Amino acid sequence: MLIIILSCTALLAPVCMASLPFTTTPNPKFSHAEHRRPLKLTRSHPTKLHEDDSCHQTLYKSYFHQISSLCKEKQIQEAVDLLTEMEYTNLQIGPEIYGKVLQGCVYKRALDTGQQIHARILKHGDFFARNEYIETKLVVFYAKCDVLDVANNLFFRLRVKNVFSWAAVIGLNCRMGLGEEALMGFIQMQEEEVLPDNFVLPNVLKACGALGWTAVGRAVHGYVLKMDLDGCVFVASSLIDMYGKCGVLGEASKVFDAMIERSVVAWNSMIVGYVQNGLNDKAIMVFHDMRMEGVEPTRVSVTSLLSASANINALEEGKQGHATAVIGGMELDNILGSSVINFYSKVGLIEDAELVFSRMAGKDIVTWNLLISSYVQYGLAEKALSMCRLMRSKCLRFDCVTLASILAAAADTSNVKLGKEGHCYCVRNNLTSDVVVASSILDMYAKCERIDDAKLVFDSITHRDLVIWNTLLAAYADLGLSGEALRVFYQMQLEGVSPNVVSWNSVILGFLRNGQINEAKDMFLQMQFLGVQPNLITWTTLIAGLAQNTYGNEAIIVFREMQEAGIKPNATAITCALSACTDLVSLHHGRAIHGYVIRHELCLLTPTATALVDMYAKCGNIHQAKRVFDMIQSKELPIYNAMISGCALHGQAVEALALYKHMQKEGIEPDNVTFTNILYACNHAGLVHEGLEVFVGLVSEHNVKPSMEHYGCVVNLLSRCGNLDEALRIILTMPYDPDAQIIGSLLTACIANHKTRLAEYLLQHLLQLEPDNPGNYVALSNAYATAGRWNEVSKVRDLMKEKGLRKNPGYSWIQNGDELHVFLAGYV
């Protein structure tokens, strides 16, 4: 039309315009146009105009395709340069060009460049700025770049909101953690008769999962079925993820099983869902099934498998996950590397964790903190501190997690100097306001038995939340300061902080540590009366406290009540209950607990197996103790110690020595308890040569400093075989002042061997150590009686009467069913 008008104008020019010159007005769009000379209008040939138009279209298409290709390859600056070149050549630019460039900015999340393109669009006026296509592209661009305010403003100004703009805004709200707004958008778009598609629904389901709104998620699932979108892999994977986050694993499994084609995303969603809900065994099984179906795992698959393996100590499965990452050529970046380090640390393979750490190219603060905290967890405080120093040499600053690990190391080693240095660093760097750091400082001072300093730190905290109060409560409870713990418990309530079950647990622990059993039981009943349900830690704390305070029968009763309350006991609770059975010598109850472990298919961890071996041995059933011992495939030092002790108790010194030698062949280093048990076994069996050999090896081969107990066993061993002079020499040369037990063992041997003068000499020392022990006077009386010195016997008896001392009666007991019958010996 424009060409025809120009042609007509040219024909009429001589008549209408005479000799008036005609110039074109510069197009404001082309700001870089050079100075132009006046154009004369001449008659245009239709064929020539058609050729020019065709050339223009060809050139435009060429630019369009080049810009589109560059944008897809994320070469945004080159695409913008071509756009500028089009402006220089006076080519009129259509909306589709700007749309392509904006889409390229989305690919690369190039916010600055996209804003420049937006400015050019606004500069060209409403023809572009109010174009529906451009408006939608701008909303998508700002939404993908997470610019919430601008995206929302542009979205609300849209005259036509299509499915693309709705998808962009709903997705943005999900990423920004605004789940409720995302769901409101899902409802509004349907009210405006815009049907959500398979790009909108995954974000809606993600919002449901983040909020934990199972009911809404089920409703969205219904919409998916109604619109026949359940066949879409992305939607189905999002359904699995939503149900997993809401803890409805049954529904997630149904969706997964119904999928005809399962992408790796669907497999990953299923694995992650199981891990997040503590079903680690099932997560490992799903990973195995995925490999069997030939689906290549991704980083998400491997990191999830490593987490599941770490949680249940599945060593082989975790190693396979690491091997999968290596074979698959996955780079040990911060995420994957940290997952591997976390796995090896949790299963106790610290050296492997160190090796992985050393091979990581780029390590962030999270990776460093992970290895440091692992060192602290395993009591390797020096290594943790060395790693902190190395970290500083790399110019990395400590954060709250690093400081918490340093303070924990100081607490575990009672190194108050290190703790104070960490505290000062926190003050200098304004980290004391962090709850974790403040709690760690409190805990450090408490474990270093500087409770006054802990209280000063507590008083200096302006905003005290429940965590801080509970930390101070736990500090007083651990030290057995039940009165202070109770005072803090009431004070926190006066200041408007309601105690939780952790607070109640601390108060109960404080009473038990202080031997206040009745008060602890009253507090336990009171918390139930006030509607605070005891958790596993509450029950376990009460059972342990009762057992440690010789209330074994009550500990077993509480163990039963815990099960009746629907609380499944853990290894610690079972171990404490077995300890109560051991103290009571109650084989009946011990067998019942063992039966519970078998019926519920509980894994025989080292503490539980050790407690069972110890219980059976001390309750007189050494054969059952051996059967439990033999059942354990991977034996650690504690269970060896329990079995050696059991053999020693039953006079089976040869078996005890055989276990000792076998343990060393397995590469397990003996400790002080091992040597005490072996010497005890040799002592009772009269194996003098073997006992002395063990005692010498204790120092020469294992570099262990002999304790008072070790010296006592050797003195008793020599005394029993009649080598009193050597026994006396050891007492006089050992680096400890002899206690009553060592002197008493030599004294007994002196009386048996009629060494009256030496016995009398030893008794004088014994009476100084224990002047009110009636057993010492009885031993002296027996020594005089053996020597026929009856006058001295009478004098000793008279002295006992003057002091009001009576011989403690011996007693024994027999258990018949649930009844325990105690028999006392006569008094002197």
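Look up a bit, the structure's there.
Positions within a chain are numbered from 1, following the residues in the order the chain's sequence is written. Where local features are concerned, this predicted model is filtered to residues with pLDDT of at least 70; where side-chain atom pairs are given and counted, the filter is 80 or more; whole-chain, interface and lining totals use all residues. Heavy atoms from the whole structure form the basis of all side-chain values; hydrogens and water molecules are not counted.

**Q** How should the overall build of the chain be read in this particular structure?
**A** Secondary structure assignment for the chain yields 46 helices and two strands. Looking at the chain as a whole, 45% of its 828 residues qualify as buried. Should any heavy atoms of two residues lie within 4.5 Å, those residues are counted as being in contact. Relative to all contacts within the chain whose residues are 6 or more apart in sequence, the contacts with residues 24 or more apart total 58%. Surface accessibility of the chain: about 43900 Å² in total, with carbon and sulfur atoms responsible for 55%. Helix and strand labels come from DSSP, where a helix needs a run of H or I of at least four residues and a strand needs a run of E of at least two; each type is numbered from the N terminus. Each residue is placed in one exposure class: buried if its accessible area under a 1.4 Å probe, protein chains only, is under 20% of its type's maximum, exposed if it is over 50%, and partly exposed if it falls in between. Surface accessibility follows the Shrake-Rupley procedure with a 1.4 Å probe radius. Residue values consider only the protein chains on display as shielding.

**Q** Looking at this structure, I do not really get the nonpolar core. What am I missing?
**A** One broad rule of soluble globular proteins: the nonpolar side chains tend to lie buried together. Note on terminology: a nonpolar core comprises buried Ala, Val, Leu, Ile, Met, Phe, Trp, Tyr and Cys residues joined through side-chain atoms within 4.5 Å. If you look at the biggest cluster of nonpolar residues, it comprises 166 residues, and the most contacted ones within it are I341, V613, M615, M643, I678 and L747. Not counting chain neighbours up to four residues away, the residues in contact with M643 comprise V613, I622, A625, K626, F629 and L659. If you look at the next biggest cluster of nonpolar residues, it comprises 88 residues, including V139, V169, L239 and F287.

**Q** Sorry if this is basic, but what is going on with the environment of C448 here?
**A** Of note, C448 is situated in the loop between α25 (435–447) and α26 (451–460). Taking the C-alpha atoms as reference points, C448 and T413, separated by 35 residues in sequence, lie 8.3 Å from one another. The residues contacting C448, other than those within four sequence positions of it, are A410, S414, N415 and V416.

**Q** Is there a simple way to think about the environment of Q548 in this case?
**A** Within the secondary structure layout, Q548 lies in helix α31 (residues 536–548). Taking relative accessible area as the criterion, Q548 reaches 64% and is therefore assigned exposed.

**Q** Can you help me understand the packing of aromatic side chains in this one?
**A** Given two aromatic rings, one states the distance between the centres and the angle between the planes to describe the pair. Planes of paired rings set the category: under 30 degrees apart is stacked, over 60 is edge-to-face and the rest tilted, where pairs are Phe, Tyr or Trp rings (Trp by its six-membered ring) whose centres lie within 6.5 Å. All told, the structure shown has 17 aromatic pairs when counted by the stated rule. Geometrically, the ring pair formed by F629 and Y640 is edge-to-face, given 5.5 Å between the ring centres and 75 degrees between the ring planes. Placement of F629 in helix α36 (residues 622–631) and of Y640 in helix α37 (residues 637–649) is noted, with a sequence separation of 11 residues between them. Overall, the relative accessible area of 3% leaves Y640 in the buried class. Here a set of aromatic residues connected by ring pairs shows up, and it is made of F155, F156 and W166. Stacked on the ring of F155, the Lys or Arg K161 has its end atom at 5.3 Å from the ring centre. Here the basic side chain of R262 rests over the ring of F256, its NZ or CZ set 4.4 Å away from the ring centre. By definition here, charges over rings are those cases where NZ of Lys or CZ of Arg is within 6 Å of the ring centre and within 35 degrees of the ring normal.

**Q** When you look at unusual backbone geometry in this model, what are you seeing that I'm missing?
**A** Glycine aside, residues mostly have negative phi, and peptide bonds are mostly found in the trans state. Non-glycine residue E193 carries a positive phi angle of around 65 degrees. Inspection of the secondary structure assignment puts E193 in the loop between α10 (179–191) and α11 (200–211). Although it is not a glycine, T550 sits at a positive phi angle of roughly 65 degrees. As for its placement among the helices and strands, T550 is situated in the loop between α31 and α32 (552–564). Here T550 falls in the exposed class, since its relative accessible area comes to 71%.

**Q** For this particular structure, what's the right way to read helix α7 (residues 132–144)?
**A** For an α-helix, 3.6 residues make a turn, and residues three or four places apart therefore share a direction. Here α7 contains 13 residues, and its C-alpha end-to-end distance of 18 Å stays within 8% of the 18 Å for a straight helix at 1.5 Å per residue. With 10 of 13 residues buried, α7 is to be regarded as a mostly interior element. Of the residues making up α7, those classed as buried are I134, E135, T136, K137, L138, V139, V140, F141, Y142 and A143. In the segment just after α7, D146 is the residue with positive phi, at about 60 degrees. Expected helix span is given by 1.5 Å per residue-to-residue step, counting one fewer step than there are residues.

**Q** I would appreciate a short explanation of a positive patch on the surface in the present structure.
**A** On the surface, K74, K108, R109 and K144 cluster together to form a positively charged patch. Looking at the element boundaries, K108 is found in helix α4 (residues 95–108). Like-charged residues are merged into a patch within 9 Å and nonpolar side chains (Val, Leu, Ile, Met, Phe, Trp, Tyr) within 5 Å, provided each residue has over 30% relative accessible area and no salt bridge. For this document, the term salt bridge refers to a Lys or Arg side-chain nitrogen within 4 Å of an Asp or Glu carboxyl oxygen. For the purpose of counting charges, residues Lys and Arg are taken to be positive, whereas Asp and Glu are taken to be negative. His and the chain ends are not included. All charge positions are set by atom: Lys at NZ, Arg at CZ, Asp at CG, Glu at CD.

**Q** How should I be thinking about helix α18 (residues 315–327) in this particular structure?
**A** Given a rise of 1.5 Å per residue, 13 residues ought to cover 18 Å, and the 18 Å separating the end C-alpha atoms of α18 matches this to within 8%. What α18 keeps buried is the set G318, G321, H322, T324 and A325. On an axial view of α18, the arc spanned by its buried residues comes to 155 degrees, and they lie on one face. Opposite its buried face, α18 presents the exposed residues Q320, V326 and I327, each directed more than 90 degrees away. Looking at the packing, one finds that the buried side of α18 touches α16 (280–292), α17 (299–311), α19 (334–346) and α20 (350–359). Just beyond α18, the residue with positive phi is G329, at close to 70 degrees. Summarising the geometry, the arc corresponds to the directions from the helix axis toward the C-beta atoms.

**Q** Is there a simple way to explain the packing of helix α28 (residues 482–494) against helix α29 (residues 501–513) in this structure?
**A** Packed helices, taken two at a time, are described by the angle between their axes plus the distance between the axes. Convention adopted: a line fitted to C-alpha atoms gives each axis, helices being fitted over their contacting stretch, and angles between N-to-C directions are expressed from 0 to 180 degrees. Put simply, α28 and α29 touch, their axes get as near as 8 Å, and they point 160 degrees apart. Here α28 is positioned roughly antiparallel relative to α29, judged by the angle of their axes. Note that α28 runs across α29; the crossing there is left-handed. Residues S482, A485, L486, F489 and M492 of α28 lie in contact with α29, whose contacting residues are S503, W504, V507, G510 and F511. Each residue gets one label: Ala, Val, Leu, Ile, Met, Phe, Trp, Tyr, Cys and Pro are nonpolar, Asp, Glu, Lys and Arg are charged, and the others, such as Gly, are polar. Taken together, the residues of the contact of α28 with α29 break down into seven nonpolar, three polar and no charged. Roughly parallel here means an angle under 35 degrees, roughly antiparallel means over 145, roughly perpendicular means 65 to 115, and every remaining angle is called oblique. Each crossing gets its handedness from the near helix: less than a right angle anticlockwise from the far helix is left-handed, clockwise is right-handed.

**Q** Would you mind showing me how to read the side chain of N641 here?
**A** Mapped onto the elements of the fold, N641 is located in helix α37. In this structure the side chain of N641 is engaged in a polar contact, spanning 3.3 Å, whose partner is the side chain of D671. Not counting the four nearest positions on each side in its chain, N641 is found in contact with D671, V673, T674 and N677. Pairs of N or O atoms are called polar contacts if they sit within 3.5 Å, as long as, within protein, a hydrogen donor faces a hydrogen acceptor (for residues adjacent in sequence, only side-chain-to-side-chain pairs).

**Q** Teacher, can you tell me more about the packing of α4 against α7 here?
**A** α7 packs onto α4 with a crossing angle of 10 degrees between their chain directions and a minimal axis gap of 9 Å. Of the possible angle classes, the one that applies to α4 and α7 is roughly parallel. Contacts between α4 and α7 involve P95, E96, Y98, G99, K100, L102, Q103, C105 and V106 from the former and Y133, I134, K137, L138, V140, F141 and K144 from the latter.

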